[in-house]
Each structure stands twice: as structure tokens, then as C-alpha cells.
Amino acid sequence: MALNDDTPRLGCGRNLDDLWASIDEPPNAHEQGCSDCQHARTALFNLATVTEAMKERDLTDPDLQPAGRIREAIMMVARAEIRRSRRTALRETPHGSIEISEQALNSLIRFAASTVPGVHARRCTISTAEGKPAGTDTVDLSDVRMSLHVALSSTVSIPPTMAVLRERIGTIVHAQTAITMQQIDVVVEDLYDL
Amino acid sequence: MISDQPQESPVEPRLVDLEAVADNLSAALAQLPGILRLEPTVKSMMNRLRALSLNSLHRTTGSGWQEPRVVARDGLLLSAAGEILNVQIDVATDVAHPAVEVAETAQKRAAEIIRKAGLQVGSINVTILAIEGSPTPAHLRSTLT
């Protein structure tokens, strides 16, 4: 045995890690006759039993449950993370990457729409390529398309308002994120009276 | 006494407190124009809880405290690999400032703070999780220019 071998060993010279690796198997010929190995096996079994009992208590003991405030805080962050949806890589700098969440992009489009008088933004979806459904993949920056459903004031003329809306969305999204929208579909789904 | 022997610079162990670096980063980034807040994520939150639990365990058992290699704050996740520090920053930005430029400024500021702490700058990744603001005339002017 090497002098600098720090591996924990049993009295019989056996590596403790080797015994632990075969703990689920029946005792081999050496272990059946070795008191050191038998003692270690018993101790490891006891350790496993205690660990299982502690894991069980973690699930059932009310005193070991996370405080309601902590649980609520975690769930609030988790729900927000789900709403943020996919991420788009905007830029790679010498320091690292810059990404934007789909929710942030969505709110930017709604903001752009809200700057056009007589336009109320409703649903907004962002996709990467025609016909490609939204999934968990990142959005392809070179092919960002969006579809915005709006309600319009009955006092505005639709064609010029749509032209202004498209121009405004494209300008604001580009100014904020450097994304050039490939396609901006607008669906007027309702008219409202002022 | 003057010696002819070349003097070797003494080797001194250097301890960098990642918790202090995280606090500095958190405060500096929150003050940058255009950053509304650092946004907590599940990952940063769980790492923070993990660190708190480990500290509590070390205090209870009296076992030796080891320097943490991962430190988290709301919207910040620092992971050290030797002398190199990698950072993930999650932010909400103000619509009055171009989000992508705010993110680049955040990267540069973080790099300065890491260097000042005596660490090497690894990757600094920024995710813009939210863009907020109401459409006031001032917002609109700054966004469109």
C-alpha cells in the first residue's frame, strides 16, 4: 500500500469505498468471513436507514416544512419565470451574452402600440419562422415575426393607423433591442367607441 | 542590510470575500441608469437559500466554514472557478433607456468591480427579463431617438 494513500480502509485493509459500492449486493466470500467487513456493512446499513428516515421526516414533519412566507416567495418567482417564457440572444459581447425574455419583448410591443392614439393592444405572439410554433427553443434573432391583436377606436381610420402602428413597433423594438422585425401582422379584432 | 541575493516577492494567501463582491455588484448595478431592479430567479433564490442553510448548519455543528464558490443575490448569481468569477445578471429595465445598451453597461460595470476585487473576469451574461415604463412623452422621445 502506498504511504500517501489517504483512502479510508478497514482493519482488513479493504477500501471503504469499495464496500460502499457493493453495499446492495450480497456479501462476497471475503465479507462472509471478515469481522471488519461485517461490522462496516452493519454500520452502513444503519446509516442508510437513518438517512431514509430523515428524508421521510423532511416530507411529513410539519416542523421541517418551509415557512409559508418562503414557500410563497419561491412560488411567486417560479410563476413569474414561467410567464417570461423563451429567451432570445440579442448580442454577444467580449464579456458574455445578452438575452431578452419573450415577455419583455412582448411588453415592448404593447408599449409601442400604446403610443399610437386609438389603439388598444390585446394578444401578442412572437414566432421565429412562418408556421413554426412557439416552443421552448430560443427565438432566432434573424427571423423574428410577431402577430398583434388590437382593438381600435371607431374614430380612427384603419389603414393609416396600421401603417403608423407597424412603423412604431418596428422603431421601438429596434431601438431597444437591435432586433429588426421580419414581419408584423396586425389583426383588428374589435372597434370601440370613445 | 543589503543583500546580493535576489529578493523573491513573498507569497501571500489572498482571500476574496465573494459575499462582499456580490453586495458591491448588487448595489452598483441597481444604481445604473436604466436598471429598475435586479430580478430574482428561481435559480438565484435557491442558491441563496442553500447558502443560508449551509451557514446555519456550520454555526449549529461548529464545523469549519468553507469559502462559498457560488453566491447569489436577487438577480445575481456569482460562481467562482479558481480566480475566475462568472456572473449571471437578471434585470428589469426602464423603457426610457435602450435595453441592450443598459445590459452592455451592466457588463462593463460588473467587470470593473470584479477586477477591483482582485479576481479575473469570466463570463458576464445579462438577461433582460422585463422592460417597464408608461408611455409618457419623455419616454417616447427617448425611445424613438
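Here is what the cut-offs are and how they apply
- Residue indices begin from 1 for each chain and proceed along its sequence in written order.
- Ligands are numbered from 1 and chains lettered from A, in the order in which they are written.
- Only residues with pLDDT of at least 70 are given local features in this predicted model, and only at 80 or more are side-chain atom pairs given and counted; all residues enter the totals for whole chains, interfaces and linings.
- Excluding hydrogens and water, the side-chain figures rest on all heavy atoms present in the structure.
- Helix numbering and strand numbering both begin at the N terminus, where a helix is a DSSP run of H or I of at least 4 residues and a strand a DSSP run of E of at least 2.
- Under the convention used here, a 1.4 Å probe and the Shrake-Rupley method define accessible areas, while residue burial counts only the protein chains that appear.
- Note on definitions: a residue-residue contact is assigned when non-hydrogen atoms from the two residues lie within 4.5 Å.
- In short, buried area is how much 1.4 Å probe accessible area vanishes from two parts on joining, totalled over both.
- Whenever a carboxyl oxygen of Asp or Glu lies within 4 Å of a side-chain nitrogen of Lys or Arg, that contact is scored as a salt bridge.
- Expected span of a helix: the number of residues minus one, times 1.5 Å.
- Each residue's exposure class comes from its accessible area (1.4 Å probe, protein chains only) as a fraction of the maximum for that residue type: buried when under 20%, exposed when over 50%, partly exposed otherwise.
- This arc describes the spread of directions from the helix axis toward the C-beta atoms.
- The definition of a polar contact used here is a pair of N or O atoms within 3.5 Å, where within protein one atom must be able to donate a hydrogen and the other to accept one, and adjacent residues in sequence count solely through side-chain atom pairs.
- Geometry is summarised by axes, namely lines fitted to C-alpha atoms with helices restricted to the contacting stretch, and by angles between N-to-C directions that run from 0 to 180 degrees.
- The cut-offs work like this: below 35 degrees is roughly parallel, past 145 is roughly antiparallel, 65 to 115 is roughly perpendicular, and the gaps in between are oblique.
- Definitions for this section: a left-handed crossing has its near helix turned counterclockwise from the far helix by less than a right angle. A right-handed crossing has that turn clockwise.
- Here the term charged refers only to Asp, Glu, Lys and Arg, the term nonpolar to Ala, Val, Leu, Ile, Met, Phe, Trp, Tyr, Cys and Pro, and the term polar to all other amino acids, Gly among them.
- The criterion for strand pairing is that DSSP finds at least two bridges linking the strands in question.

K.L.:
Which parts of the structure should I look at to understand the overall build of chain A?
P.N.:
Within chain A one finds six helices and five strands. For chain A, the N- to C-terminal ordering of α and β elements is α-α-α-α-β-β-α-β-β-α-β. Of the roughly 11,700 Å² of accessible surface on chain A, 55% is carried by carbon and sulfur atoms.

K.L.:
Explain the interface of chain B and chain A to me, please; I cannot follow it from the model alone.
P.N.:
Accessible area lost upon the coming together of the parts serves often as the stated size of an interface. Taken together, the contact pairs 36 residues of chain B with 31 residues of chain A. Of the roughly 2,700 Å² buried between chain B and chain A on both sides combined, carbon and sulfur atoms contribute 63%. Among the residues of chain B in contact with chain A, V100, L129 and I131 of chain B are the three that bury the most area, contributing 20% of the side total. Summed over the shared surface of chain B and chain A, the result is two salt bridges. Here R91 of chain A makes a salt bridge to E104 of chain B, at a shortest N to O gap of 2.3 Å.

K.L.:
Help me out: how do you make sense of helix α1 (residues 18–30) of chain B in this one?
P.N.:
Given 3.6 residues per helical turn, the α-helix brings residues three or four places apart onto the same face. Residue and element names in this part refer to chain B. Between its first and last C-alpha atoms α1 spans 18 Å; for 13 residues at 1.5 Å apiece the expected length is 18 Å, and the two agree. The complete set of buried residues in α1 reads L18, V21, A22, L25, A28 and L29. The arc that holds every buried residue of α1, seen down its axis, measures 140°, which confines them to one face. If you follow the buried residues of α1, they end up packed against β1 (35–38), β2 (70–73), β3 (76–81), β4 (84–94) and α3 (99–116). The opening residue of α1, the one whose side-chain oxygen lies 3.0 Å from the backbone nitrogen of E19, is D17.

K.L.:
Can you help me understand unusual backbone geometry in this one?
P.N.:
The phi torsion of most residues other than glycine is negative, and most of the peptide bonds are trans. For A178 of chain A, which is not a glycine, the phi torsion comes out positive at approximately 70°. Assignment of secondary structure puts A178 of chain A in the loop between α6 (158–177) and β5 (183–192).

K.L.:
Any chance you could explain the pattern of salt bridges here in plain terms?
P.N.:
For side chains of opposite charge, pairing can occur when their charged atoms come near one another. Considering all chains together, one arrives at 16 salt bridges over all chains under this definition. Residue R122 of chain A pairs with E189 of chain A through a salt bridge whose shortest N-O separation is 3.3 Å. Of this pair, R122 of chain A sits in strand β3 (residues 119–127) while E189 of chain A sits in strand β5, placing them 67 residues apart in sequence. In this structure E189 of chain A comes out as partly exposed when scored by relative accessible area, which is 34%. Close ionic contact of E112 of chain B with R109 of chain B constitutes a salt bridge, the shortest N to O distance being 2.9 Å. Residue E112 of chain B and its partner R109 of chain B are located together in helix α3, separated by three residues, close to a single helical turn.

K.L.:
It is not clear to me how the side chain of T161 of chain A should be interpreted in this structure. Could you clarify?
P.N.:
Residue and element names in this part refer to chain A. As for its position among the elements, T161 is in helix α6. Using a relative accessible area of 10% as the deciding quantity, one classes T161 as buried. Side-chain polar atoms of T161 contact the backbone oxygen of S157, separated by 2.6 Å. Residue contacts for T161: discarding those within four places in its chain leaves V116, V119, L152 and V156.

K.L.:
Looking at this structure, how should I read the packing of helix α5 (residues 102–114) of chain A against α6 of chain A?
P.N.:
For any two helices packed against each other, one specifies the inter-axial angle together with the distance between the axes. Residues and elements named next belong to chain A. The contact between α5 and α6 brings their axes to 9 Å, and the two run at 135°. As judged from the angle between their axes, α5 and α6 are oblique. The handedness of the crossing between α5 and α6 is right-handed. Contact with α5, carried on its side by L105, L108, I109, F111, A112 and A113, involves L165, R168, I169, I172, V173, Q176 and T177 of α6 and no other residues of that element. Residues of the contact of α5 with α6, tallied by class, amount to 10 nonpolar, two polar and one charged.

K.L.:
For this particular structure, what's the right way to read the side chain of H149 of chain A?
P.N.:
All names here are of chain A. In this structure, H149 sits in strand β4 (residues 145–153). There is a polar contact of 3.0 Å between the side chain of H149 and the side chain of E189. Once you skip the residues sitting within four places of it in the chain, H149 turns out to touch H120, A121, R122, R123, V187 and E189.

K.L.:
Help me understand the sheet that holds β4 of chain A in this model?
P.N.:
As a general point, the strands of a sheet are linked pairwise by backbone hydrogen bonds and lie either parallel or antiparallel. All names here are of chain A. Across the sheet, three strands lie side by side as β3-β4-β5; this open sheet has mixed pairing. Of all the strands in the sheet, the pair left with one neighbour each is β3 and β5. Averaged over all adjacent pairs, the angle separating strand axes in this sheet is 20°, with direction ignored. As paired elements, β3 and β4 share seven bridges and run antiparallel to each other.

K.L.:
How do you make sense of the environment of P117 of chain A when you look at a structure like this?
P.N.:
Residue and element names in this part refer to chain A. Following the sequence through the fold, P117 ends up in the loop between α5 and β3. With relative accessibility at 65%, the residue P117 sits in the exposed group. Sequence-wise, P117 and L165 are 48 residues apart; in three dimensions their C-alpha atoms are separated by 9.5 Å.

In short, the description is geometric, and any link to function would need to be established separately.
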